[in-house]
Amino acid sequence: PYERYFSDPWVDVSLDASADLRGQVLVREVKGASPTVLLSYRGKTGEKTADLKGEALIEIKDLKKISWIPDQDLQGTARLEAALDFRATGKKLLADMKGRIRASGWPYPAAAALAGAEIDFSGHLASDPESLSLSDIRVRSGAMEVSGDGAFDMREHAVRGEFLVRISDLAVLSVPLG
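Residues numbered from 1 in each chain as written. Predicted model: local features only at pLDDT ≥ 70, side-chain atom pairs only at ≥ 80, totals over all residues. Heavy atoms only, no water.

J.: Before we go on, may I ask you to explain the nonpolar core in this structure?
T.: Generally speaking, nonpolar side chains in soluble globular proteins are found buried as a group. In this structure, Ala56, Ala82, Leu84, Phe86, Ala95, Phe121 and Leu125 together form the largest nonpolar core, which totals seven residues. Put simply, the parts of the chain that give this core at least two residues each are strand 5 (78–89) and strand 7 (118–128). Here the element with the most residues in this core is strand 5; it accounts for three residues. Setting aside its immediate chain neighbours within four residues, alanine 95 contacts Asp85, Phe86, Gly123, His124 and Leu125. (Core = buried A, V, L, I, M, F, W, Y, C linked by side-chain atoms within 4.5 Å. Buried < 20%, exposed > 50% of the residue type's maximum accessible area, 1.4 Å probe, protein only. Helix = DSSP H or I, 4+ residues; strand = E, 2+ residues; numbered from the N terminus. Contact = heavy atoms within 4.5 Å.)

Shown next as structure tokens:
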């Protein structure tokens, strides 16, 4: 049940959209808000398809109320802003993503030192019933950069990929690691 992951007593949902005679829908904004979480999307949808092109925002105002990581007492907040371009073709979903995550209260000191207050990300995602692929992935903070490509084979439950992690100054880890 959702109560295990989400403890808010209510959620407000709103939609501001219009459509033309061809079926093109302009979503000025769809938003879900609760005391803990804000989700919003602004942009276009495809003509008679599930395509999306626009801006998304996920804001978690209190991480300790979102408990999807077992045995972790998360503190702080998180904010994810992303430009999305989702295209559904047959059984395949393609997405281009670019955005920024702002967070505080990382559960592990080494992760906090590497992530810092802001993380920029970009990449491409392709998914079909048999696999999930990430390509041209770039994740960057003040202390590190991760780049690479990878895939998850859903039939074999296997992960394959190559990622390069660059840490600009290892001294950032000296305090968290002792």
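J.: What exactly am I supposed to notice about the environment of valine 11 here?
T.: The topology assignment puts valine 11 in the segment before strand 1 (12–19). When its relative accessible area of 46% is taken as the criterion, valine 11 is described as partly exposed. The sequence separation of valine 11 and threonine 36 amounts to 25 residues, and the corresponding C-alpha distance is 9.5 Å.

J.: Quick question: what am I supposed to make of the confidence of the model for the chain here?
T.: Detailed reading of the predicted coordinates is not advisable wherever pLDDT falls low. Confidence in the prediction of the chain, expressed as mean pLDDT, is 82, and 86% of residues score 70 or more. Mean pLDDT across the elements of the chain bottoms out in helix 2 (residues 174–177) (69) and peaks in strand 9 (residues 144–153) (95). (pLDDT = per-residue confidence, 0-100.)

J.: Sorry if this is basic, but what is going on with the side chain of serine 147 here?
T.: Inspection of the secondary structure assignment puts serine 147 in strand 9. Residue classification places serine 147 among the buried residues on the basis of a relative accessible area of 11%.

J.: Explain the pairing of strand 5 to me, please; I cannot follow it from the model alone.
T.: Of the pairings in the sheet, the one linking strand 4 (residues 52–60) to strand 5 comprises nine bridges and is antiparallel in character. Looking across to strand 5, one finds that leucine 52 is bridged to phenylalanine 86. Taken together, the twelve bridges between strand 5 and strand 6 (residues 92–103) define a ladder with antiparallel strand orientation. Paired with threonine 89 across the strands is lysine 92, a residue of strand 6. Counting the residues that bridge the hairpin from strand 5 to strand 6 gives two residues, and of these glycine 90 lies at a positive phi of roughly 60°. (Pairing = 2+ DSSP bridges.)

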